[in-house]
Amino acid sequence: MNAVATTAVRSEDVEAFRRDGALVLRGVLDEDWLRVLAEGVALNLAQPSPRRLDWVRDEASGEHLFFDAVTVGHNPFYERYMLHSPIGPIAAALMGSPTVLAFYLSVFIRRRGTQAATPWHQDQTYWCVEGRQALSIWTSLDAVPPGTELQFVRGSHRWDRPLAKPYFEQERLGGAQAAQPPDAMPVPDFDGVDRDRFEVIGWAMEPGDVVVFHGMTVHGGSGRLPAAMERRSISAQWLGEDVRLVDRPGGHDPHWLPEFATFGLGPGDYPGCAMCPTITADLQPDEPGRSRGR
Ligand SMILES: O=C(O)CCC(=O)C(=O)O
């Protein structure tokens, strides 16, 4: 199992993250971590949390996109991944935060051939946290060939208006939510007529690779799987020291504020607690002798 200290974040990675809001890091997770995650997914499917949601489920076509959101303490495999794999220190190094909080983990399981693509959205507009140090680390247990990858609008984490929030549950997947931030910008047609107005980036990936993206980076478009292909992807959410809990007028998804309240935490508070534990960064940027292909 690869130790935290073997994964280097280089200064150009930090620069790419700040500039583009998304980057790929190759070969971050070894076979042991992939096994841990696979066991986590199997347990999760057998025992979904109350937050489990089918984004798509159509027995006639066979399409199924299972989503779940889990904090540490609810799945021992996911907990191990969040607390002991290289991804916590990577999050800290990229955010430039001395410590980070393991916020929660999102799971996206697409049955073979599922075509439904993830709607374009910004994660943090759904989160009950404000602050600039917030990111997700996404990985897939299955290879991600070109045409199926998660895509990102380059630089969108620096936009001054949030994107309108789509729904994620089936029937209305991708439709605009009724309650929106007051300054929300309508979602452009990133896949169609508006494509040339934006630079969309993304990477084909092998198991062990991860993509890291800022909480405000617009992303979507993943899926569209060929008939024989399934996709088990896991996205880990991380927060840095500048974040505080917030009660967003349009609501949250997942709605974690009631859980934070059980730890005596509410809007304005730093969210560190047993549900959202602290990881200390011990990575040295630019570790000598290590290069990562991309
Ligand atoms: O895996 C996917 O299709 C969606 C990923 C995503 O939206 C996320 O990690 O925030």
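Here is a short report on the structure shown in this document. (Residues numbered from 1 in each chain as written. Predicted model: local features only at pLDDT ≥ 70, side-chain atom pairs only at ≥ 80, totals over all residues. Heavy atoms only, no water.)

Some details on the pairing of strand 2 (residues 53-58)
Formally: Should DSSP find at least two bridges between two strands, the strands are regarded as paired. Numbering of helices and strands starts at the N terminus; helices are DSSP runs of H or I of at least 4 residues and strands are runs of E of at least 2.
Here five bridges tie strand 2 to strand 3 (residues 63-70), and the two strands are oriented antiparallel to one another. Pairing of Leu53 across the sheet is with Phe67, part of strand 3.

Re unusual backbone geometry
The residue after Asp253, namely Pro254, is reached through a cis peptide bond having omega -5°. Here Pro254 lies in the loop between strand 12 (244-245) and helix 5 (257-261). Although it is not a glycine, Arg224 adopts a positive phi angle of roughly 50°. Along the chain, the position of Arg224 falls in the loop between strand 10 (219-220) and strand 11 (231-239).

Re the site of the ligand
To keep things clear, this is the line we draw: Proximity criterion: a residue is near a molecule or strand once any of its heavy atoms comes within 4 Å of it. For the purposes of these results, a polar contact is taken to be a pair of N or O atoms within 3.5 Å, where, inside protein, one atom must be able to donate a hydrogen and its partner to accept one; residues adjacent in sequence count only when each atom of the pair is a side-chain atom. Throughout, the Shrake-Rupley method with a 1.4 Å probe supplies accessible areas, and for residues the shown protein chains are the sole cover considered. Residues are sorted three ways: Asp, Glu, Lys and Arg are charged, Ala, Val, Leu, Ile, Met, Phe, Trp, Tyr, Cys and Pro are nonpolar, and all the rest, Gly among them, are polar.
The environment of the ligand is formed by Phe108, Arg110, Thr118, His121, Asp123, Trp138, Phe213, His219, Ser222, Ser233 and Ser235. In this structure, Ser222 approaches the ligand through a side-chain N or O atom, which is 2.4 Å from an oxygen atom. The separation between an oxygen atom of the ligand and a polar side-chain atom of Ser235 is 2.7 Å. Alone, the ligand offers 290 Å² of accessible surface; in the complex the protein occludes 98% of this. Among the secondary structure elements, those contributing two or more residues to the shell around the ligand are strand 4 (99-110) and strand 11. Considering only residue class, the shell around the ligand consists of three nonpolar, six polar and two charged.

Details of the side chain of Glu63
What counts is decided by this rule: Burial classes follow relative accessibility: with a 1.4 Å probe on protein chains only, a residue under 20% of its type's maximum area counts as buried, one over 50% as exposed, and anything between as partly exposed. Counted as positive: Lys and Arg. Counted as negative: Asp and Glu, with His and the chain ends omitted from the count. When a carboxyl oxygen of Asp or Glu lies within 4 Å of a side-chain nitrogen of Lys or Arg, that pair is called a salt bridge. The contact rule is simple, with two residues in contact once any of their heavy atoms fall within 4.5 Å.
As for its position among the elements, Glu63 is in strand 3. Salt bridges are absent for the buried Glu63, whose nearest opposite-charge side chain, Arg110, sits at 7.6 Å. For Glu63, the side chain forms a polar contact with the main-chain nitrogen of Gln115, separated by 2.9 Å. If we ignore the near neighbours within four places in the chain, the residues touching Glu63 are Val56, Arg57, Asp58, Arg111, Gly113, Thr114, Gln115 and Ala116.

A look at the pattern of salt bridges
Applying the stated rule across the entire model yields 16 salt bridges. The partner of Asp20 in a salt bridge is Arg154, and the shortest N-O contact between them spans 2.6 Å. Of the two residues, Asp20 sits in helix 1 (residues 11-20) while Arg154 sits in the loop between strand 7 (151-153) and strand 8 (200-202), which places them 134 residues apart along the sequence. Relative accessible area serves as the criterion here: at 7%, Asp20 is assigned to the buried category. With its nearest N and O atoms 2.9 Å apart, the salt bridge here joins Arg52 to Asp54. Residue Arg52 is classed as partly exposed on the basis of its relative accessible area of 28%. In this structure, a network of salt bridges that share partners links the residues Glu15, Arg19, Asp20, Arg154 and Glu199.

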